[in-house]
Structures are given as structure tokens and as C-alpha cells.
Amino acid sequence: SHVLVTGANGYIGYWIVRKLLEQGYTVRAAVRSLAKGQPLKDYFSSYGDKLELIAVPDITRNGAFDEAVKGVDGIIHTATASDFSIVEPEDWIKPALDGTLSVLESAKNFGDKLQRLVITSSVVAAGFTDSPPTVRITEEDWNDLAVEITKSQGRDAPVMIKYTASKVLAEKGEHLYRANVLHADTAAWEFYNKHKNNLSWELVTILPSHVLGPALQPLQGPETLNVSLWLFYDAITNPQKSDEELKGTYNYIHVEDISQAHVAALQRAEAAGERIIVSAGAETFQGTRNLLRQLRPELYEAKVLPVGNTALDVTPAYIYNIEKGKKVLGLEYEKEAKILKDTVEFFESRGYFK
Ligand code: NDP
């Protein structure tokens, strides 16, 4: 079978491409330019023609994926704005929303062999909060608040909120943000629900929590890590973190599991038409430091990593409901200790701890 992967040269993209190639798929990797895709091609050179590159310079252009979708059985759309130095809400929302719409349109019009379209959303599109008692968040939840804050605060909204708004809008709908909607039907679920009776394929959205584990793409130092690895790196290495920051919650998933979850979403009959959270558990940043200190005491004895404030309450503020995902995808996920160990060993292998 033949699968189109967008954002193929990103952190998760590389791993999805790897899982697909290992399982015998032919992969069409969409990248913004062939030059950007060359390191990917080089990394997987042993697979030869099983990996092909296609340049899609502007994913927001209507018809951008018309050529890319022809002849594929599956699509995994991961590309979205992901650089936390982006300031303008529109620069977050346009690639997320219009990028998703152009994949959907091209799939509808030219996906002659298509059976599944998997879109990478995020757990942030379901929700998050900031103080215990621990809230349980499910696939029924939507982070409409992030859209409201982005609307009212514009460029001054926190970057995480603007990113979150872009993910909500891509899944749920442009009309939540703009008064005069240009498209007749907007965003993933509206589009799918309107057209599904006439489509040969089914939609799945995957909502990953904070993805950790080794990166495969070329990097030049920790500053060039993707956002999830960078935030984690900063959380465990930065001695200046305030108690408030250390009490902050995140939920985690191993990069190998999130990539396999995307592949399972292509394969499993039960996944058709589902919105699926994929996460292994909840933690705080101080809780991470506490556990890492048990797993790798020498890093703390040698003062390579800061201990933080061990007196803090490390009860997570929110946890995601993962039962549906495990059942529908038929997967078990790596546990926290293994995820932390793999991530720290990856940083060490690159000499990222001074
Ligand atoms: P990366 O930053 O590593 O990868 C992002 C990918 O998207 C790159 O291939 C990048 O290409 C592409 N991209 C970014 N902006 C554009 C644009 N304007 N037009 C076309 N392509 C673009 O991020 P991740 O691998 O971590 O994220 C992949 C997906 O997973 C995203 O949808 C993200 O929202 C989602 N996600 C990630 C989580 C995580 O913890 N990492 C958690 C939940 C969801 P280029 O190199 O050309 O910029």
C-alpha cells in the first residue's frame, strides 16, 4: 500500500515514515521543497524507491495536494505551523486550517484510491487546565476557550493558546474564528460529516499528548529541537524554573507509540470516523525531575541536572482519557520511566547536557 505523509521532515513525520517503511508501505513524503526532503531521503536510503519525495511549497493553496493524493491508499497529515517564535494569530491559524482544508479538498477531488485520511490534531484541542484537583479530559471535549482568548487578545495571547486555537480550528471549524467564512464547509469534522456519504474514505483525527523520545531528523543543538522536546529539555535542565513552572502539568507519549498510532489509524476498521486521544499518562515538571532523580541519580549527584523544589505538590492538573484510543487502535503504550530514560539518553548521545 501507498501512503502520503505531510510534514514528513518533522520530528513525528520522520518516525511515521520509519514505521511505514518498516511495515512494507511505500511512502510519498510531502515537504516544502525537495532540498528540505533530501536529508529524509538520505536517512532512509536503504529503502530506495519505497520512499518518494513530493514538493508542496504552499500547503494553504487551494489544490495544493491535488497531485500528491493521486494513487495513495492512505494519507497522514501532520504538517502545521509549529515554530513558537510565530507571533501573529493568522500565521498560526492559516497553515493549520487552510492546510487541513486543502488536504481534504484534494482528497475528495483526486483521492481515487484513498481509504483513510488521518489528521494529526493535539490533546490541547480537547483541553488543558492549570491547577489540581485533577481533571479528566476526553474526546468529547473541545478547547473553545483557546479560540476565544486568541480572538480577544490577538497577537498578545500566549503562544501556547494561539497554537491551541489553530489546532481546534483545523479540526472543528473556521466559523468559530472568522465572521465571514470563505469556505462553504470548513475544517476537518464539518467537511467530513457533510461529504462522508459520497467519499470512498474515512477520516480519523489523532490527538497526541506531549511527544518525547529520540529525534531522527538532523539537529544543530538543543535550540533546534522541535517544540515538545525543547520544552522538556528546558524543563529538566533549566535551574531558573519558578515553583509555578515546576508545578506545571503535561501528559506524555513515546514518539514510537504516537507514530504507530497513526499507522494503526490507517489500518483499524474501528478507527473509522473517530477522534482519538493517544497518551500514556500525566505528570508535572517537578514530578519528572523527581522520577528522573530515581532513574538516573548520578546526573543529579554530579549536578548535571537541577533538582528543583522537591517540597512541591506534584499532583497533575489534568489527565486524558485514553481508554477509547487503546481499544480502537489496539495498542499499549510505553510507560513514563522508559519514555524519560529514552529521552534523556538521546540528549546525552548528542552531548546536550553540559
Ligand atoms: P515539527 O516542528 O518537528 O514538524 C512540523 C512539520 O510541519 C515539519 O515538517 C514542517 O516543515 C511542517 N510545517 C510547519 N509549518 C509549515 C507550513 N507553514 N507549511 C508546510 N509545512 C509546515 O513538529 P512535530 O513533529 O512535533 O509535530 C507534527 C504534528 O504533530 C503537528 O501537527 C503538531 O501540531 C502535532 N503534535 C505534536 C505534538 C508534540 O508533542 N510534538 C503533540 C501534539 C500534536 P518545515 O521543516 O518545512 O518547517
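Note on numbering: residues in each chain are counted from 1, in written sequence order. Owing to the predicted nature of the model, reporting of local features is limited to residues with pLDDT of at least 70; listing and counting of side-chain atom pairs is limited to 80 or more, with chain, interface and lining totals taken over all residues. Think of the side-chain values as coming from all heavy atoms in the structure, minus any hydrogens and water.

A. Inspection of the pairing of strand β11 (residues 281–284) at higher detail. What you see with β11 is no split at all: Gly 281 and Glu 283 on one side and Ala 282 and Thr 284 on the other are buried throughout. Pairing geometry for strand β9 (residues 249–254) and β11, over 4 bridges, is antiparallel. Of the residues in β11, the one forming a bridge with Asn 251 is Ala 282. Any residue under 20% of the maximum accessible area for its type is buried, any over 50% is exposed, and the rest in between are partly exposed; the area is computed with a 1.4 Å probe on protein chains only. We count a stretch as a helix when DSSP gives it H or I for four or more residues in a row; a strand needs E for two or more, and each element gets its number in order from the N terminus. Two strands form a pair only when DSSP identifies at least two bridges running between them.

B. Quick look at unusual backbone geometry. Cis geometry is found at the peptide bond from Pro 132 to Pro 133, where omega equals 10 degrees. Along the chain, Pro 133 turns up in the loop between β5 (116–120) and β6 (135–137). Located in the positive-phi region is Lys 303, a residue other than glycine, with phi close to 60 degrees. For Lys 303, the location among the structural elements is in the loop between α11 (297–301) and β12 (318–320).

C. Local environment of empty space enclosed by the protein. Only protein atoms enter the calculation, which uses a 1 Å grid: trapped sets of points that fit a 1.4 Å probe without letting it out are cavities, open sets showing protein on both sides within 12 Å along at least five of seven lines are pockets, and any residue with an atom within 4 Å of a point is a lining residue. Grid points are joined across faces, edges and corners, and a volume is the space filled by probe spheres set on the points. Under the defined criterion, the tally for this structure stands at 1 cavity of 30 Å³ or more. Around the largest cavity, the lining comprises 13 residues; the ones closest to its centre are Thr 100, Ile 119, Thr 120, Lys 167 and Ala 170. Looking at the lining of the largest cavity, the element that brings in the most residues is helix α5 (residues 159–172), giving 4 residues. Of the residues in the lining of the largest cavity, the class split is 4 nonpolar, 7 polar and 2 charged. When residues are grouped by polarity, Ala, Val, Leu, Ile, Met, Phe, Trp, Tyr, Cys and Pro land in nonpolar, Asp, Glu, Lys and Arg in charged, and all others, Gly among them, in polar.

D. Molecular detail of the site of the ligand. Throughout this document, a residue counts as near a molecule or strand when at least one of its heavy atoms sits within 4 Å of that molecule or strand. Taken together, 25 residues lie around the ligand, and Asn 9, Arg 32, Lys 36, Thr 78 and Tyr 163 are the ones closest in. In the model, an oxygen atom of the ligand is placed 3.3 Å from a nitrogen or oxygen of the Gly 10 main chain. Ser 82 is positioned with one of its side-chain polar atoms (N or O) 2.8 Å from an oxygen atom of the ligand. Only the protein chains shown count as cover for residues, and all accessible areas are computed by the Shrake-Rupley method using a 1.4 Å probe. Isolated, the ligand exposes 890 Å² of accessible area, and the fraction of that covered by the protein chains is 85%. When residues of the shell around the ligand are traced back to their parent elements, those giving at least two are α1 (11–22), α5 and β8 (210–212). N or O atoms within 3.5 Å of each other form a polar contact, as long as, within protein, one can give a hydrogen and the other can take it, and as long as residues adjacent in sequence are counted only when both atoms are side-chain atoms.

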